[in-house]
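# Architecture and fold: a report
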Amino acid sequence: MNRRHFLKTGTIALFASSFAEKLFASKASHQTTAPFGPVTCENTLPGKTDSKPVYLNASEASNQEDLKVLFLGTGAAGWKSDGSSPRRNSSILLEDKLLIDFTISVEDMLPSDIHPKEIFYTHSHGDHYQPERALLLGIKTVYLSETWIDRATKDFKSAAANTGLSVPTIIPLKLYEPINIHGLTITPLPANHCTSDYNEQALIYLIEKGTTEEKLGVRLLYATDTGGIMGRASKPAGIDSHKSNTTPRAITAFVMEATMGMGHDEDFRIFNHSSANTVSRIANMLIATKRYLPPAGQPVYLTHISPGLHDNKSQEALNNSLPNPLRAAYDGLEVVFKAVE
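Residues numbered from 1 in each chain as written. Predicted model: local features only at pLDDT ≥ 70, side-chain atom pairs only at ≥ 80, totals over all residues. Heavy atoms only, no water.

### Notes on the overall build of the chain
What counts, and what does not: Numbering goes from the N terminus for both helices and strands, where a helix is a DSSP run of H or I of at least four residues and a strand is a run of E of at least two. When a residue's accessible area, from a 1.4 Å probe over protein chains only, is under 20% of the maximum for its type it is buried; when over 50% it is exposed; and in between it is partly exposed. What makes two residues a contact is simply this: any of their non-hydrogen atoms within 4.5 Å. Computed by Shrake-Rupley with a 1.4 Å probe, the accessible areas treat only the displayed protein chains as cover when residues are assessed.
Secondary structure summary: the chain contains eight helices and 14 strands in total. Expressed as a percentage of the 341 residues in the chain, the buried residues total 53%. Long-range pairs, those at least 24 residues apart, make up 65% of the contacts in the chain with a sequence separation of at least 6. Carbon and sulfur atoms make up 53% of the accessible area of the chain, which totals about 15000 Å².

Okay, structure coming up:
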């Protein structure tokens, strides 16, 4: 079994049992919230135990209001890009249809029968943004912050000339203005992260499916790269507990970067990135204020994990070191985020 197959093979998780509650409760003696049971939303087809990777199609993975996410990569910059590292650059595939970020390092994690045509970029750092790779993949429409649209247009024109492919349609995103695509509503929010272009506004995304005035559906906050969650992002997302003109609205799913691991809060990257402890504090605050209302057993997933700032722990050791409700995502992890009434 090769490494890719190993990462993608798993079993469907069951609902919480008393044994699992004790297991999860023992992971962090300083835990202040109720124990989380086993994950209820990580999925492969049941009964499949061979080494061939198993992917869920839309009908197998979820009902019409659930949201399927495939983690193509979960690493920060610093991992090798040749596929030999345990983690690739951070990137996700939504509903088998569209990407958030994409680089050469994650290409082997994309299912061979999946051909996304749209990509949303968080920012222009090279571990998230490589125009030539996007064109070679077949991307036809690009979404990114309006603050660097001119530079991106030049980049994609150059990439098109180098590859002999057509320049994609490039759509500028304005903060807080949602895009409706493939049954999803994607709202760009400001990240606390800078590039060499001080005019560029990096983005995090609120991804909604099946959300109405009467029910939450799935409201996923995907936050990478960012140092914490800015007030300018939390208010329009509905998760800020302060009084404001914004209607409070809980999120039901949360994926956030943890470039630094537990015990590395003093690392200099903290101006642009988050630590696992930062994510833990945010998650527990959202739980306490009922701004995070996940299905039973669903954790907060960590991504954008640095090779040197998690003490080189294995996946199992890393998860065992994290307080509830945190769990480290890994390359090839498929999650079906269940809709909430």
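### Some words on the confidence of the model for the chain
Basically, it comes down to this: You can read pLDDT as the predictor saying how much it trusts each residue, on a scale of 0 to 100.
Of the residues in the chain, 80% reach a pLDDT of 70 or more, and the chain-wide mean stands at 83. Per-residue pLDDT stays below 50 along residues 1–40; that stretch engages in 83 contacts with residues further than four places along the chain or on separate chains.

### Some words on the packing of aromatic side chains
Note the following rule: Any Phe, Tyr or Trp ring, taking Trp's six-membered ring, that has another such ring centre within 6.5 Å forms a pair; planes under 30 degrees apart are called stacked, those over 60 apart edge-to-face, and the others tilted.
Under the defined criterion, the tally for this structure stands at nine aromatic pairs. Ring centres of Tyr 121 and Tyr 129 lie 5.0 Å apart, and the angle between their planes is 85°; on these two criteria the pair is classed as edge-to-face. Judged by its relative accessible area of 7%, Tyr 129 is buried. Each ring, one from Tyr 301 and one from Phe 337, has its centre 6.0 Å from the other, and the planes form 80°; the classification is edge-to-face. Here Phe 337 lies in strand S14 (residues 334–337) and Tyr 301 lies in strand S12 (residues 300–303), a separation of 36 residues in the sequence.

### Regarding the environment of Ala 258
Inspection of the secondary structure assignment puts Ala 258 in the loop between strand S11 (253–257) and helix H7 (276–288). Every residue in contact with Ala 258, bar those within four places of it in the chain, is listed here: Ser 274, Ser 275, Ala 276, Val 279, Leu 302, Thr 303, His 304, Ile 305, Ser 306 and His 310.

### Some thoughts on H7
Keep this limit in mind: By definition here, a helix of n residues has an expected span of 1.5 Å times n minus one.
Here H7 is 13 residues long and its end C-alpha atoms lie 18 Å apart, about the 18 Å a rise of 1.5 Å per residue gives. Taken together, the buried positions of H7 are Ala 276, Val 279, Ser 280, Ile 282, Ala 283, Asn 284 and Leu 286. Contact partners of the buried residues in H7: S11, S12 and strand S13 (326–328). Looking one or two residues beyond H7, the residue adopting positive phi is Lys 290, at roughly 60°.

### Considerations on unusual backbone geometry
Cis geometry marks the peptide bond from Thr 224 to Asp 225, where omega comes out at -10°. Within the secondary structure, Asp 225 is located in the loop between strand S10 (218–223) and helix H6 (231–237). In this chain, Asn 324 is followed by Pro 325 through a cis amide linkage whose omega measures 5°. Looking at the element boundaries, Pro 325 is found in the loop between helix H8 (315–321) and S13.

### Section: the sheet that holds strand S7 (residues 179–181)
Filter applied, for reference: Whether two strands pair depends on DSSP finding at least two bridges between them. For helices, the fitted line uses only the C-alpha atoms of the stretch in contact; every axis is such a line through C-alpha atoms, and the angle between N-to-C directions lies from 0 to 180 degrees.
The seven strands are arranged S7-S8-S9-S10-S11-S12-S13 in an open sheet whose pairing can be described as mixed. Looking along the sheet, the strands with just one partner apiece sit at the ends: S7 and S13. Ignoring strand direction, the axes of neighbouring strands in this sheet form an average angle of 25°. Running over the sheet, H7 touches S11, S12 and S13 and is turned about 160° from S11.

### Comments concerning the side chain of Arg 219
As a reminder of what qualifies: As used in this structure description, the phrase polar contact means that two N or O atoms lie within 3.5 Å; if the pair is within protein, one of them must be able to donate a hydrogen and the other to accept it, and residues adjacent in sequence are counted only when both atoms belong to side chains.
In this structure, Arg 219 sits in strand S10. By relative accessible area, Arg 219 is classed as buried at 4%. Within the structure, the side chain of Arg 219 is placed 3.0 Å from the backbone oxygen of Ala 237, a separation counted as a polar contact. For Arg 219, the residues in contact, after removing those within four places along its chain, are Leu 206, Ile 207, Glu 208, Thr 211, Ala 237, Arg 249, Ala 250, Ile 251, Thr 252 and Ala 253.

### Observations regarding the side chain of Thr 122
Within the secondary structure, Thr 122 is located in the loop between strand S4 (118–120) and helix H4 (131–137). A relative accessible area of 0% places Thr 122 in the buried class. Here Asp 101 takes part through its side chain, which lies 2.8 Å from a polar atom of the side chain of Thr 122. Within polar-contact distance, the side chain of Thr 122 engages the side chain of His 123 at 2.9 Å. For Thr 122, the contacting residues outside a window of four places in its chain are Ile 100, Asp 101, His 128, Gln 201, Ala 202, Leu 203, Tyr 205 and Thr 224.

### Section: the sheet that holds strand S2 (residues 91–94)
The mixed open sheet is built from seven strands, whose spatial order is S6-S5-S4-S3-S2-S1-S14. The open sheet has two edge strands, strand S6 (169–173) and S14, and neither has a second partner. In this sheet, adjacent strand axes meet at a mean angle of 25° when their direction is disregarded. In the sheet, S2 pairs with strand S3 (residues 98–100) via three bridges, with the strands oriented antiparallel. Paired with Leu 94 across the bridge in S3 is Leu 98. Contacts between helix H5 (residues 149–163) and the sheet are confined to strand S5 (141–145) and S6, with S6 contributing the most and set at about 165° to the helix.

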